[in-house]
Amino acid sequence: MNSRNRRLEPPPLSALPPNHPRNSILQHSPSRPPPLEWANPGIELDTRDLPPLPEIKDPALRRQIFLHKAEAHLSPSESHVDVELRSNKRAETLGDSIIYHRAAEAIFRAHPEATSGMITDIRRRMIQNKTMAYLGWAYGLGERLINGEAIHGRNTPLNRDQNVLSDLFEAYVGGLRMDSGYQDGLGPQYDAWIGAVFSSQVFTSISREVNRLKDRAVTVKAAKLAGKRPPPAEFDARYERDLKVARLSAGECSGGEDGVVHGRPGAVGALSWRDTNRSLEGWHCALFRNGKFLACGLAKKQQDARLEAFAAALAAADL
């Protein structure tokens, strides 16, 4: 069978281990647990309170939204322009713009005290691909993807790939706009839906993030008035601390064959990792100890993906 269309039997989905770091940042329906290998969302998320998904009424448009560009090829001689026009790529670009605006508007309306810098910082984490993917997964969009089990040179089927699910959610939002005939707004039903998606019921930590950034601004101002160097932000300090320890842990390991590393006795234990190059999507690293999954990392560079995996395991006190 052609490797382009070869299908994989995905591992069964199961609840996260009790000590998994994702438990502190994501609440989801027990009937639809996301893949273990996914990177954590960029901000706290509760997909159990998502509003019902509006349906795209136009059958032809609906089919296009669920057609990934990897599945849109009719012949090898086709140009990328033809493929993109047939797939959901254009709708994804439109949906991305709508999401960018609606996420900022949600913070702006709910928190008149938030500065432009606060809005930008929080919105950035709300609309990251690794966050949007969890919305697409919760709505079951991957299950509707045409030939979603195909892998197309990946190690993961399309319908379980985190970046594909993020793009699919954005394409669906764009498809709703196209289905409305580009009228002002998305129509009352769609406007209410997307407003509820970006509400504090789904993005549960927006208020805490605004307060944290306000406190940070007060601390920085006080330090400057006292002629002192401002202390590092809590989030940045925690991230840098974990990253430093991750690098230290990586340095304590001596390289072995096939990516297997062995930690110093009593240090980090016997570790192994599996790196996957996802081309333009970057690198994915799954970290294991004695064959048991610990954590994963996703980054543009291979080494950064490994460090992200180490940092996630350290945050869960697994190293």
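Residues numbered from 1 in each chain as written. Predicted model: local features only at pLDDT ≥ 70, side-chain atom pairs only at ≥ 80, totals over all residues. Heavy atoms only, no water.

### Remarks on the side chain of His111
Short version of the rule: To qualify as a helix, a DSSP run of H or I must reach at least 4 residues; to qualify as a strand, a run of E must reach at least 2; elements of each kind are numbered from the N terminus. Whether two residues touch is decided by their heavy atoms; if any such pair falls within 4.5 Å, the residues are in contact.
When you line up the elements, His111 lands in the loop between helix H3 (89-110) and helix H4 (116-126). With sequence-adjacent residues up to four places away left out, His111 is seen in contact with Ile206, Ser207 and Val210.

### With respect to the packing of helix H5 (residues 129-138) against helix H6 (residues 162-179)
The criterion, for reference: Note on geometry: axes are C-alpha line fits, over the in-contact stretch for helices, and angles between N-to-C directions span 0 to 180 degrees. Under this scheme an angle from 65 to 115 degrees is roughly perpendicular, one under 35 degrees roughly parallel, and one over 145 degrees roughly antiparallel; angles in between are oblique. In this classification, the charged set is Asp, Glu, Lys and Arg, the nonpolar set is Ala, Val, Leu, Ile, Met, Phe, Trp, Tyr, Cys and Pro, and all remaining amino acids, among them Gly, are polar.
Interhelical geometry of H5 versus H6 gives an angle of 70° and a closest axis separation of 7 Å. The angle between H5 and H6 falls in the class roughly perpendicular. Counted together, Asn129, Lys130, Met132, Ala133, Tyr134, Leu135, Gly136 and Trp137 of H5 and Gln162, Asn163, Leu165, Ser166, Phe169 and Glu170 of H6 form the full contact between these two elements. For the contact of H5 with H6, the class distribution of residues is 7 nonpolar, 5 polar and 2 charged.

### Notes on H6
How we decide: To estimate the expected span of a helix, subtract one from its residue number and multiply by 1.5 Å. Remark: exposure states derive from per-residue accessible area (1.4 Å probe, protein chains only) relative to the maximum for the residue type, with buried under 20%, exposed over 50%, and partly exposed in between. Distance and chemistry together define a polar contact, namely a pair of N or O atoms within 3.5 Å, with one atom able to donate a hydrogen and the other to accept it when in protein, and with adjacent residues in sequence counting only for side-chain atoms on both sides.
With 18 residues, H6 should reach 26 Å at 1.5 Å per residue; the first-to-last C-alpha distance of 26 Å fits that figure. Of all the 18 residues making up H6, 15 are buried; the element is thus mostly covered by neighbouring parts of the structure. Capping the start of H6 is the job of one residue whose side-chain oxygen sits 3.0 Å from the backbone nitrogen of Asn163: Asp161. In the stretch just after H6, Gly181 is the one whose phi turns positive, near 80°.

### Observations concerning the side chain of Arg125
As for its placement among the helices and strands, Arg125 is situated in helix H4. Within the local environment of Arg125, its side chain forms a polar contact with the side chain of Asp121, the two groups lying 3.2 Å apart. A polar side-chain atom of Arg125 sits 2.7 Å from a polar atom in the side chain of Glu209. If we skip the residues at most four places from it in the chain, Arg125 touches Gly42, Ile43, Thr131, Glu209 and Arg212.

### Thoughts on the nonpolar core
Under the convention used in this document: What we call a nonpolar core is a set of buried Ala, Val, Leu, Ile, Met, Phe, Trp, Tyr and Cys residues that are connected through their side-chain atoms within 4.5 Å.
The biggest cluster of nonpolar side chains holds 48 residues, and the ones touching the most others in it are Met126, Leu135, Phe169, Phe198 and Phe203. Of all the secondary structure elements, the ones that give two or more residues to this core are helix H1 (59-65), H3, H4, H5, H6, helix H7 (188-197) and helix H8 (206-225). Discounting residues that sit within four places of it in the chain, Phe198 has contacts with Ile99, Arg102, Ala103, Ala106, Met126, Met132, Phe203 and Ile206. Trp273, Leu294, Ala305 and Ala309 belong to the second-largest nonpolar core, a separate cluster that totals 11 residues.

### So, the environment of Thr47
Relative to the elements of secondary structure, Thr47 occurs in the loop between strand S2 (45-46) and H1. Spatially, the C-alpha atom of Thr47 lies 10.0 Å from that of Thr204, the residues being 157 residues apart in sequence. For Thr47, the contacting residues outside a window of four places in its chain are Leu26, Gln27, His28, Ser29, Tyr134, Leu135 and Ala138.

### A few points about the pairing of strand S6 (residues 283-289)
Where we set the bar: Criterion used throughout: strands pair if DSSP finds at least two bridges between them.
For S6, the tally of buried residues reaches 5 of 7 residues, placing the bulk of the element in the interior. As paired strands, S6 and strand S7 (residues 292-299) are joined by 7 bridges and run antiparallel to one another. Along S7, the bridge assignment pairs Phe288 with Phe293. Count of turn residues in the S6/S7 antiparallel hairpin: 2 residues, of which Asn290 carries a positive phi of about 55°.

### Digging into the pattern of salt bridges
Heads up, the condition is: Salt bridge, as used here: a side-chain nitrogen of Lys or Arg that lies within 4 Å of a carboxyl oxygen of Asp or Glu.
By the definition in use, this model includes 13 salt bridges. A salt bridge links Lys89 to Glu92, with the shortest nitrogen-to-oxygen separation between them at 3.3 Å. Highlighted residues: Lys89 and Glu92, both in helix H3, separated by 3 residues, approximately one helical turn. Under the relative-accessibility criterion, Glu92 is labelled buried at 11%. One salt bridge connects Arg125 with Glu209, and the closest N-O pair in it is separated by 2.7 Å.

### Description of the packing of aromatic side chains
Cut-off, in case you're wondering: Any two of the Phe, Tyr and Trp rings considered here, Trp counted by its six-membered ring, make a pair once their centres fall within 6.5 Å; the pair's planes then place it as stacked at under 30 degrees, edge-to-face at over 60, or tilted in between.
This model, assessed by the stated rule, comprises 7 aromatic pairs. Ring centres 5.5 Å apart and planes at 75° place the aromatic pair Trp38 and Trp137 in the edge-to-face group. Placement of the pair is Trp38 in the loop between strand S1 (26-27) and S2 and Trp137 in helix H5, with a sequence separation of 99 residues. Overall, Trp38 belongs to the buried group, its relative accessible area being 2%. The class of Trp137 is buried, set by a relative accessible area of 11%.

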